[in-house]
Amino acid sequence: MRNISTFSKGGVHPADRKELTCTKEIVRLPTPKHIIIPFSQHLGVPANPIVKKGDIVAAGDKIGEAAGFISADIHTPAAGTVSEIKEIFLPNGMYTKAAVIAVDETGSLELTEKRDWKTMDPHQIVAEVKDLGIVGMGGATFPANVKFSVPKGKKAEYVVINGVECEPYLTSDHRIMLEKGLEVLEGALIIAKMVGAPKVYIGIENNKKDAMEHLESLITAHHLPIEIQPLRLKYPQGDEKQLLKAVIGKEVPSGALPIDIGAVVSNVGTAQALYQAIVYRKPLIERVVTVTGDAIRDPGNFLVTIGTPIQDLIDACGGFREQPEKMVAGGPMMGFAFYDLQTPVMKGTSGVLALTSKESRKEVTTACISCGRCVAACPMGLQPTRLYKNISVGNYTESLGLGLLDCKECGCCAYVCPAKLPLVQGMRLGKNMSRKMKK
Amino acid sequence: MILNILYAFLTVSILGGALGIGLAYASKKLAVKKDERVEAVEEALPGANCGACGYAGCAAYAEAIVNEEADMTLCAPGGPDTAAKVAAIMGVEAQGGNAKKMVARVHCYGNEETTTKAFAYEGLQDCNAAYAMFKGDNGCKYGCLALGSCIAVCPVNAITKREDGRIYVDKDVCISCRKCVTVCPTGVMKMIPYDAEYYIACNSKDKGGAVKKVCSVGCIGCKICEKKFPDAGFTVKDFLSEIDYTIAAQGQDGAAAACPVDCIRVTD
């Protein structure tokens, strides 16, 4: 195990509240009668539906085809009939097409015999990753095959597996490392094989010592060429740029990708899904979701079929203890508030939070007092206050010049702002409007 | 002593003289020919710098007209009068001079009393920011969000939010620059002729039942206006009535009275 480290610039320390679920074992939830599969579960262009109303689908069938370079295939997790193709809202507020599938028990997903990935060709693995619809499961849902195809002229030296889970409340990655540790480690090695990187690190924050020890013992027992990098607690360490700074000590330049400094970053959830995809030819049809928050009666971690309405997850936790003030998909820092419990679980839904009024205090926004706390907290070295002032008067071009596109909406600025300005929402508005202006 | 003063005096005079000659020469040799028409056209334009023509401001538009890059009828605030003046300066005949003056209007009569809320929105008081989250907090996803992004962009302060929560455009102040139409995320702000008597106070393309669920003053696409008053210029498309302002309509009063949800409203 290496010496403990962290990234240098900015960052905050929110209360992590992981004690609610970090000891709860992952429970498999049965697939409900109706599942809703959105065609946009990834970053980039939504997939094109290739089924229509009335079609009969088998478990694992492809129902949506990638519609561009940055796009991903969509599979149905269960057999049944497509009862409707309709437009729905996703937790992030997007409006997109989705297939509603009436599930029947005619057959479960057929997996192949356990295959030996070590004998497979790297190009073949990348092709299968695309074919099986694997995307990054940390939340950004970047299509994995794009990330793992190293562009010509570039060379991958490091694979950094992200076991940081710096978002408060969430424990899905923590539980995956504890319960599926070997699959995560083998998944990491599959990634290393795909990109041809000699070094593999797993970055884990200090509040998950049990996971660190567990993985360390697995690494020693199986003689795996993987090193564990313990990290000091600091948000947003799980962002790839901060993680790389903390683990390999290099900074990703503005506008560049990790591969430009010879690194490939992947979440532990992705590594585990990738292991199952390559070894058993299993498409990405389920994921681990943490359901937590003080409004939940019995919080826990669940292995959920993608497309399951969030209502079913709440029911599995015994319902609400009290009426939640706010529902959030994802973590409290970067997640999205949503209002409809019929919203389905997607490839990127790492958690569902039901927050009480005490947990999500309603704050009154006052004027900016130019204290500069947001500037100190910004891990990207931006000046959120200046960006926000420009955006709120419609100076989008000016804000682009101030590095708006480097903002990744981690929420550190809004977290520390004493005036409670909706800074992140402002950044998002600025990005949307400047995109609109370009058109 | 005297000599020192003399030296200084001479040095400065020679230097001044030489620079003066240099400047005089440069002003003749390097003179930029300025078309007087640019100034004249700029003078004729309203000077609101609203940007409706698509140029950075009146000066930029004037230059584009003189360079014959732009059509001279693009100035919406100026209307036909300005177009005629500009044409006179440019020495051509005015074209498109009889276009009707258009004004902006919110095609929605919903407010907190009539329309349901899907969720409690807290955050940036900006329509586009709210629209990025589930198309806004209204139950109806086509209606006015009333957070006032149009008020912020209006160059002449023609738009106000009334006490009942509705956004109102003063048609006598509006200079038809369309900035509010561009900024509005739902598309509920539309242009209608200045002298229009009625407008459709709804923008919802949902089916009648869906509209009823979320709004008591939304167009349900019943087609009474279209079928019972065929000469009044109403057509229902996508469950939403539209007025054809290009025809001389008759019987609009009757249609307005017959509308079961009162969404054919008098312009005020």
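Since this is a predicted model, take the numbers as computed values, not measurements. (Residues numbered from 1 in each chain as written. Chains lettered and ligands numbered in written order. Predicted model: local features only at pLDDT ≥ 70, side-chain atom pairs only at ≥ 80, totals over all residues. Heavy atoms only, no water.)

## Topic: the overall build of chain A
Looking only at helices and strands, chain A features 13 helices and 17 strands. The C-alpha atoms of chain A give 21 Å as radius of gyration, which agrees with the globular expectation for 439 residues (22 Å, within 12%). Projected onto its principal axes, the C-alpha positions of chain A cover 60 × 45 × 45 Å. Counting the 439 residues in chain A, one finds 56% classified as buried. Sequence-distant contacts in chain A: of pairs separated by 6 or more residues, those separated by 24 or more amount to 74%. Carbon and sulfur atoms make up 53% of the accessible area of chain A, which totals about 18400 Å². In chain A, 52 positive and 46 negative side-chain charges are present, and the distance between their average locations comes to 7 Å. (Helix = DSSP H or I, 4+ residues; strand = E, 2+ residues; numbered from the N terminus. Rg over C-alpha atoms; globule rule 2.2 N^0.38 Å. Buried < 20%, exposed > 50% of the residue type's maximum accessible area, 1.4 Å probe, protein only. Contact = heavy atoms within 4.5 Å. Areas by Shrake-Rupley, 256 points an atom, 1.4 Å probe, with all protein chains shown as cover. Lys, Arg positive; Asp, Glu negative; His and termini not counted. Charge placed at Lys NZ, Arg CZ, Asp CG, Glu CD.)

## What about the pattern of salt bridges?
Residue and element names in this part refer to chain A. Throughout the structure, instances matching the rule amount to 25 salt bridges over all chains. Here Glu-286 makes a salt bridge to Arg-28, at a shortest N to O gap of 3.0 Å. With a gap of 258 residues between them, Glu-286 in strand β13 (residues 286-292) and Arg-28 in strand β1 (residues 26-28) connect regions that are remote in the sequence. Its relative accessible area of 16% is what places Glu-286 among the buried residues. For Arg-28, a relative accessible area of 44% corresponds to the partly exposed category. (Salt bridge = Lys/Arg side-chain N within 4 Å of Asp/Glu carboxyl O.)

## Observations concerning the packing of aromatic side chains
Scanning the entire structure with this criterion turns up 8 aromatic pairs over all chains. Taking the centre distance of 6.3 Å and the plane angle of 25° together, the rings of Tyr158(A) and Tyr201(A) count as stacked. Placement of Tyr158(A) in strand β9 (residues 158-163) and of Tyr201(A) in strand β10 (residues 199-205) is noted, with a sequence separation of 43 residues between them. Taking 5.1 Å as the distance between ring centres and 80° as the angle between the ring planes, the aromatic pair formed by Tyr339(A) and Phe134(B) counts as edge-to-face. Of the two residues, Tyr339(A) sits in the loop between β16 (336-338) and β17 (351-355) while Phe134(B) sits in the loop between α5 (127-131) and α6 (149-153), which places them in two different chains. An aromatic cluster is present here, built from Phe89(A), Tyr95(A), Tyr339(A), Phe119(B) and Phe134(B) joined pairwise through their rings. Across from the ring centre of Tyr199(B), 4.5 Å away, lies the NZ or CZ of Arg105(B), which sits over that ring. (Phe/Tyr/Trp six-rings, centres within 6.5 Å; stacked < 30°, edge-to-face > 60°. Lys NZ or Arg CZ within 6 Å of the ring centre and 35° of its normal.)

## Topic: the interface of chain B and chain A
Taken together, the contacts link 16 residues of chain B with 19 residues of chain A. When the buried area of chain B at its contact with chain A is split by residue, Glu122(B), Leu124(B) and Phe134(B) rank highest and sum to 47% of it. Across the chain B-chain A interface, the total number found is 0 salt bridges. Where chain B meets chain A, there are 4 residue pairs in polar contact (both at pLDDT 80 or more). Looking at which element gives the most residues to the side of chain B that touches chain A, the answer is α5(B), with 3 residues. Tallied by class, the residues present in the side of chain B that touches chain A amount to 10 nonpolar, 2 polar and 4 charged. (Buried area = accessible area lost by both parts, 1.4 Å probe. Polar contact = N/O pair within 3.5 Å; in protein donor to acceptor, adjacent residues only side chain to side chain. Nonpolar A, V, L, I, M, F, W, Y, C, P; charged D, E, K, R; others polar.)

## A closer look at the domain arrangement of chain B
Residues and elements named next belong to chain B. Each assigned domain of chain B is listed here: domain 1 (36-90) and domain 2 (102-266). Between the C-alpha centres of domain 1 and domain 2 there is a distance of 32 Å. Counting residues at the interface gives 5 residues for domain 1 and 5 residues for domain 2. For the pair domain 1 and domain 2, the interface holds 0 salt bridges. (Domains from an automatic or database assignment.)

## Notes on the sheet that holds strand β5 (residues 62-65) of chain A
Two orientations exist for strands paired in a sheet by backbone hydrogen bonds: parallel and antiparallel. Residue and element names in this part refer to chain A. Taken in spatial order, the 3 strands of this open sheet run β3-β5-β6, and their pairing is antiparallel. Single-partner strands in this sheet number two, and they are β3 (48-49) and β6 (74-75). Strand direction decides the pairing type here: β3 and β5, joined by 2 bridges, are antiparallel. Residue pairing across strands places Pro-49 opposite Gly-64, the latter belonging to β5. (Pairing = 2+ DSSP bridges.)

## Some words on the domain arrangement of chain A
Residues and elements named next belong to chain A. Each domain of chain A was delimited in the assignment, giving domain 1 (114-280) and domain 2 (373-438). Centre-to-centre separation of domain 1 and domain 2, based on C-alpha positions: 29 Å. In this complex, domain 1 contributes 7 residues to the contact, which on the side of domain 2 involves 6 residues. Carbon and sulfur atoms make up 50% of the surface buried where domain 1 meets domain 2, a total of about 510 Å² over both sides.

## Considering helix α1 (residues 2-29) of chain B
Given 3.6 residues to a turn, an α-helix orients residues that are three or four positions apart in the same direction. Taking 1.5 Å of rise per residue, the 28 residues of α1(B) would be expected to cover 40 Å, and the 40 Å separating its terminal C-alpha atoms lies within 8% of that figure. Counting buried residues along α1(B), only 0 of its 28 residues qualify, which leaves the element largely exposed. (Expected span 1.5 Å × (residues − 1).)

## Things to note about the environment of Val27(A)
Position of Val27(A) relative to the elements: it lies in strand β1. For the pair formed by Val27(A) and Gln425(A), sequence separation is 398 residues and the distance between their alpha carbons is 35 Å.

## Quick look at unusual backbone geometry
In the segment running from Tyr235(A) into Pro236(A), the intervening peptide bond is cis, with an omega of 0°. For Pro236(A), the location among the structural elements is in the loop between β11 (227-231) and α6 (240-247). In this model, Asn157(B) sits at a positive phi of 55°, which is unusual for a non-glycine residue. Along the polypeptide, Asn157(B) turns up in the loop between α6 and β2 (159-161).

## Focus on the packing of helix α10 (residues 384-392) of chain A against helix α13 (residues 423-438) of chain A
All names here are of chain A. Contact pair α10 / α13: the axes reach a minimum separation of 9 Å and the direction vectors enclose 55°. Overall, the two elements α10 and α13 adopt an arrangement that is oblique. Viewed along their axes, α10 and α13 form a crossing whose handedness is left-handed. Where α10 abuts α13, its residues Pro-384, Leu-387, Tyr-388 and Ile-391 lie against Leu-423, Gly-426, Met-427, Leu-429 and Gly-430. When grouped by side-chain class, the residues that make up the contact of α10 with α13 number 7 nonpolar, 2 polar and no charged. (Axes fitted to C-alpha atoms, helices over the stretch in contact; angles between N-to-C directions. Parallel < 35°, antiparallel > 145°, perpendicular 65-115°, else oblique. Left-handed = near helix turned anticlockwise from the far one by under 90°.)

## Focus: the state of the cysteines
All names here are of chain A. Under the counting rule described, the total for this entry stands at 0 disulfides over all chains. With no disulfide of its own, Cys-371 has Cys-374 as its nearest cysteine by sulfur position, at a separation of 6.3 Å. Look at Cys-371 and you get partly exposed, because its relative accessible area is 41%. (Disulfide = S-S within 2.5 Å.)

## Details of the packing of helix α2 (residues 36-44) of chain B against helix α3 (residues 58-66) of chain B
Residues and elements named next belong to chain B. Running from N to C, α2 and α3 cross one another at 130°; their axes reach a closest spacing of 8 Å. The angle between α2 and α3 falls in the class oblique. In this structure, the crossing between α2 and α3 has a hand that is right-handed. Contact residues: α2 offers Arg-37, Val-38, Val-41 and Glu-42, while α3 offers Cys-58, Ala-59, Ala-62, Glu-63, Ile-65 and Val-66. Tallied by class, residues from the contact of α2 with α3 come to 7 nonpolar, no polar and 3 charged.

## Overview of the sheet that holds strand β12 (residues 263-267) of chain A
Residue and element names in this part refer to chain A. Spatial ordering of the open sheet is given by β11-β10-β9-β12, a layout of 4 strands whose pairing is parallel. Strand pairing shows two members of the sheet lacking a second neighbour, β11 and β12, which therefore form its edges. Taken over all neighbouring pairs, the strand axes of this sheet differ in orientation by 25° on average, direction set aside. Bridge count between β10 and β11: 5 bridges; the pairing is parallel. When the bridges of β11 are listed, Tyr-201 appears paired with Glu-227. Helix α7 (residues 268-280) rests against β9 and β12 of the sheet, and its axis sits at about 85° to β12.

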